[in-house]
Amino acid sequence: MNRSRAATFLLLSSSPLLVASASGQVQQADVLITGGKLYDGSTAAPITGDVAITGDKIVYVGPKAPMTAKRTIDAKGMVVAPGLIDAHTHADHFLEDSDKGQRANPAWVMQGVSTVFVGVDGNGTPNLKAKFAQYQKPGIGTNVVSYVGFGAIRRAVLGEAARAPTAAEASREKQLVIQGMCEGAIGLSAGLFYAPQNFATTEEVIPLAKEAGIRGGIYDTHQRDESSYSIGLMNSTEEVLRIGREGQIPVHYSHIKTLGHDVWGKSADMIKLINDARAKGQNVTANQYPWLASNTGLDAALVPRWASDGGASAMLKRFDDAALMPKIRAEMVKNLDRRGGAGAILITSGYTADDSTGMTKGKAAPWTGKYLSDVAKMWKLDPVDAAVRVLREAKGRASIVSFTISEPDIENFMKQPWVVTSSDGSVGHPREYATFQTKYAVYVKQKHVIDEAFFIRHSTGLTADIFKLDRRGYLKPGYFADVLVFDPNRYVPKADYVHPAVLSEGVQELFVNGVAAVDNGKMTGALSGRPLPHTPPPGTCK
Ligand SMILES: [Zn+2]
């Protein structure tokens, strides 16, 4: 008799609570998870209890299930919670891979995540129906929510141009937002930090946000300036609030942070600004990752925006312009200082000349895994000149992690009642594989910045509430069976900055729509995830 049969037998023979269904048969669920420390995703205190699953739904949550099951899982000593929700990811490269094992979304399911958000930073396509079908047909390991992205839209209408749209172009942008929302986008994402999105004024964005708001969407943003690059952190934070007010749409700051020593300590001011807006009734929330280093492009981090107008090839041409280069170089020196110098920039990957998709699959370049300071030494160059050489050889693009975030600011944001967990997971940064375990191991267990209940609430039910996800984020009868069982003593990260792609540990079981994606601590390769299209209010889509 195997373990789960033995458990079923015990439950059958010893439970006085067995009840009969209307037909006189003992009720039998598909899966029964018994005796775990159970958090339901709300602010309620945990109980010791059972969760029963039948098909893709939860059928029972409570102290002692009055039913048997085909399979019983003993969760004594384990934490049982809703499947975690990651509000900002770049998981697309897994979900769109031709390989089944990749589409199972290993980095995320091994963190206990059952739903990921994509199309962030302004990147979401307006052709979402096709995108969702592309996920659904071959199958994916987690559920997926997507934004329609301002960047994708602006690029489709204006290319890389650094100018305002004409009236006709502005109306075309609007149409694309409407298309995206009506094809199931959760909202409009923007990344006004990035070119060409940063060429847009606030006034260009507001009417687009409004169209998303009319259709029940949210405005999610990688804000224009998380540092002191352009308009400054506080003005940028204000800009987001203004877009929310004038666009009449809830706003959500993605990966909220203070980037660079110029703005360290500013979390208190940002929090005050946001709390004041919330006190006046504005709907403002944020997501955050628990890491000291951010991840971006070497070009985005160091090269001034005007010099990258027109894209990578235009930027590389400007590098060859003897009249422009001194000005570009001078600004790069300033930007490097903002980011804490060459010793604070770790180059994680880069496009190689023969592979334009090198962010995920390119050959290891000589700078991969090295700090910019070491690359400069290796080439006997000044760090800025070394960066220019990397950009030249990488055809304009190389990704970096940059140690630019301060610990007290992280902790300050994390404790806010309106901040939920996100990974911003992307290739080359351990946050892709280890965000949730890191938040738990470091901020719950080691530093006691938040407690276990807060960690779970802010990674499940609260996230589902902010985005109005349909029957997700809670352990409740009738809700979809996204259920996580983890061992609190073994729920730890394994990836680090030098080895970013190592699976995390401690997830015992993860059910996605009632099917085990992780079973007994191992991935099953199940592809039971679903696209979760948002439904706009009636009459807002024709
Ligand atoms: Zn971002």
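What counts, and at which threshold
Residues numbered from 1 in each chain as written. Predicted model: local features only at pLDDT ≥ 70, side-chain atom pairs only at ≥ 80, totals over all residues. Heavy atoms only, no water. Helix = DSSP H or I, 4+ residues; strand = E, 2+ residues; numbered from the N terminus. Rg over C-alpha atoms; globule rule 2.2 N^0.38 Å. Buried < 20%, exposed > 50% of the residue type's maximum accessible area, 1.4 Å probe, protein only. Contact = heavy atoms within 4.5 Å. Areas by Shrake-Rupley, 256 points an atom, 1.4 Å probe, with all protein chains shown as cover. Lys, Arg positive; Asp, Glu negative; His and termini not counted. Charge placed at Lys NZ, Arg CZ, Asp CG, Glu CD. Pairing = 2+ DSSP bridges. Salt bridge = Lys/Arg side-chain N within 4 Å of Asp/Glu carboxyl O. Donors = N, O, S within 2.8 Å, 3.2 Å for Na, K, Ca; no water. pLDDT = per-residue confidence, 0-100. Polar contact = N/O pair within 3.5 Å; in protein donor to acceptor, adjacent residues only side chain to side chain. Axes fitted to C-alpha atoms, helices over the stretch in contact; angles between N-to-C directions. Expected span 1.5 Å × (residues − 1). Arc of directions from axis to C-beta. Phe/Tyr/Trp six-rings, centres within 6.5 Å; stacked < 30°, edge-to-face > 60°. Lys NZ or Arg CZ within 6 Å of the ring centre and 35° of its normal. Parallel < 35°, antiparallel > 145°, perpendicular 65-115°, else oblique. Nonpolar A, V, L, I, M, F, W, Y, C, P; charged D, E, K, R; others polar.

Points about the overall build of the chain
- Helix and strand counts for the chain stand at 21 helices and 22 strands.
- For 542 residues, the compact-globule estimate of 2.2 N^0.38 gives 24 Å, and the chain sits close to it at 24 Å.
- Viewed in the frame of its principal axes, the chain has a C-alpha envelope of about 85 × 55 × 45 Å.
- The buried share of the chain, taken over its 542 residues, is 59%.
- Intrachain contacts of the chain at a sequence separation of at least 6 include 75% that bridge at least 24 residues.
- Carbon and sulfur atoms provide 54% of the accessible area of the chain, an area that totals close to 20600 Å².
- Positive and negative side-chain charges in the chain, numbering 60 and 54 respectively, have mean positions lying 3 Å apart.

Considerations on unusual backbone geometry
- Look at the link from A195 to P196: it is a cis peptide, with omega at 0°.
- Relative to the assigned elements, P196 resides in the loop between β10 (187-191) and α8 (202-214).
- With phi around 55°, R471 is a residue other than glycine that occupies positive phi space.
- Turning to its location among the elements, R471 is positioned in the loop between α21 (461-466) and β19 (483-486).
- Positive phi is not limited to glycine here, since N520 has a value of about 55°.
- On the secondary structure map, N520 appears in the loop between β21 (515-519) and β22 (522-523).

Some details on the sheet that holds strand β12 (residues 251-253)
- Taken in spatial order, the 6 strands of this open sheet run β9-β10-β11-β12-β13-β18, and their pairing is parallel. The sheet terminates laterally at β9 (148-149) and β18 (419-421), the two strands that pair on one side only.
- In this sheet, strand β11 (residues 218-222) lies alongside β10 in parallel orientation, the contact comprising 5 bridges. Paired with S189 across the bridge in β11 is D220.

Looking at the pattern of salt bridges
- Tallying each qualifying case throughout the model produces 29 salt bridges.
- Here D519 and R71 are joined by a salt bridge, their closest N and O atoms 3.0 Å apart. Remark: R71 occurs in strand β4 (residues 68-74) and D519 occurs in strand β21; sequence separation between them is 448 residues.
- Note on R71: relative accessible area 24%, which makes it partly exposed.
- Its salt-bridge partner being D320, residue R392 comes within 2.7 Å of it at the nearest N-O pair.

Side note on the side chain of N105
- With respect to the helices and strands, N105 occurs in the loop between α3 (100-103) and α4 (106-109).
- Apart from residues no more than four positions distant in its own chain, N105 is found in contact with A91, F94, L95, V116 and T142.

Quick word on the pairing of strand β3 (residues 57-62)
- Here strand β2 (residues 47-54) pairs with β3 via 5 bridges, running antiparallel. By the bridge assignment for β3, D50 is matched with G62.

A short note on the coordination of the zinc ion
- Donor atoms from the polypeptide that coordinate the zinc ion comprise D121 (OD), H222 (ND1) and H255 (NE2), at 2.1 to 2.4 Å from the metal.
- Donor residues for the zinc ion, ordered by position in the chain, follow D-x100-H-x32-H. Taken together, the positions of D121 in the loop between β7 (113-118) and α5 (128-136) and H255 in the loop between β12 and α10 (267-279) put the pair 134 residues apart, joining distant regions of the chain. The residues D121 and H255 share a single accessibility class, namely buried.

A look at the side chain of K257
- Along the chain, K257 falls in the loop between β12 and α10.
- The residues touching K257, leaving out its near neighbours within four places in the chain, are E226, L233, M270, Y289, S294, I405 and F413.

Thoughts on the confidence of the model for the chain
- Looking at the chain, pLDDT values average 92 and 92% of them are 70 or higher.
- This model gives residues 1-24 a pLDDT under 50, and the stretch forms 25 contacts once residues within four places in sequence are excluded.

With respect to the environment of V240
- If you trace the backbone, V240 turns up in helix α9 (residues 233-247).
- Taking the C-alpha atoms as reference, V240 lies 21 Å from L462; in sequence the two are 222 residues apart.
- For V240, the contacting residues outside a window of four places in its chain are Y219, T221, Q223, V251 and Y253.

Section: helix α17 (residues 383-393)
- Buried within α17 are the following residues: V384, A386, A387, V388, V390 and L391.
- Where α17 begins, the side chain of D382 points an oxygen toward the backbone nitrogen of V384, at a separation of 2.9 Å.

Here's the deal with the sheet that holds β7
- Taking strand neighbours across the sheet as the criterion, the 3 strands line up as β6-β7-β8 in an open arrangement whose pairing is parallel. Among the strands making up the open sheet, the edge pair consists of β6 (84-86) and β8 (143-146). Pairs of neighbouring strands in the sheet enclose a mean axial angle of 20°, with direction left out of account.
- Pairing of β7 with β8 involves 4 bridges; the strand directions are parallel. Counterpart to V116 in the pairing with β8 is V144.

Here we look at α10
- Relative to the 18 Å expected for 13 residues at 1.5 Å per residue, α10 spans 18 Å between its end C-alpha atoms, a close match to the ideal helical length.
- The set of residues buried in α10 consists of S267, M270, I271, L273, I274 and A277. Angular distribution of buried residues about the axis of α10 spans 160°; they occupy a single face of the element. In this structure, α10 carries K272 and A279 as exposed residues pointing more than 90 degrees from its buried face.
- Where α10 terminates, the next one or two residues include G281, which has phi positive at roughly 100°.

Details of the packing of aromatic side chains
- Evaluation of the coordinates by the stated rule reveals 14 aromatic pairs.
- Each member of the aromatic cluster is reached from another via a ring pair, and the members are Y440, F455, F486 and Y491.
- Directly above the ring of F480 sits R472, whose terminal nitrogen or CZ lies 4.0 Å from the centroid.

Structural notes on the packing of helix α16 (residues 372-379) against α17
- Relative to each other, α16 and α17 sit at 90°, their axes nearing to 9 Å. Overall, the two elements α16 and α17 adopt an arrangement that is roughly perpendicular. Only P383, A386, A387, R389, V390 and E393 of α17 make contact with α16, whose side of the interface consists of L372, V375, A376 and W379.
- Broken down by class, the residue content of the contact of α16 with α17 amounts to 8 nonpolar, no polar and 2 charged.

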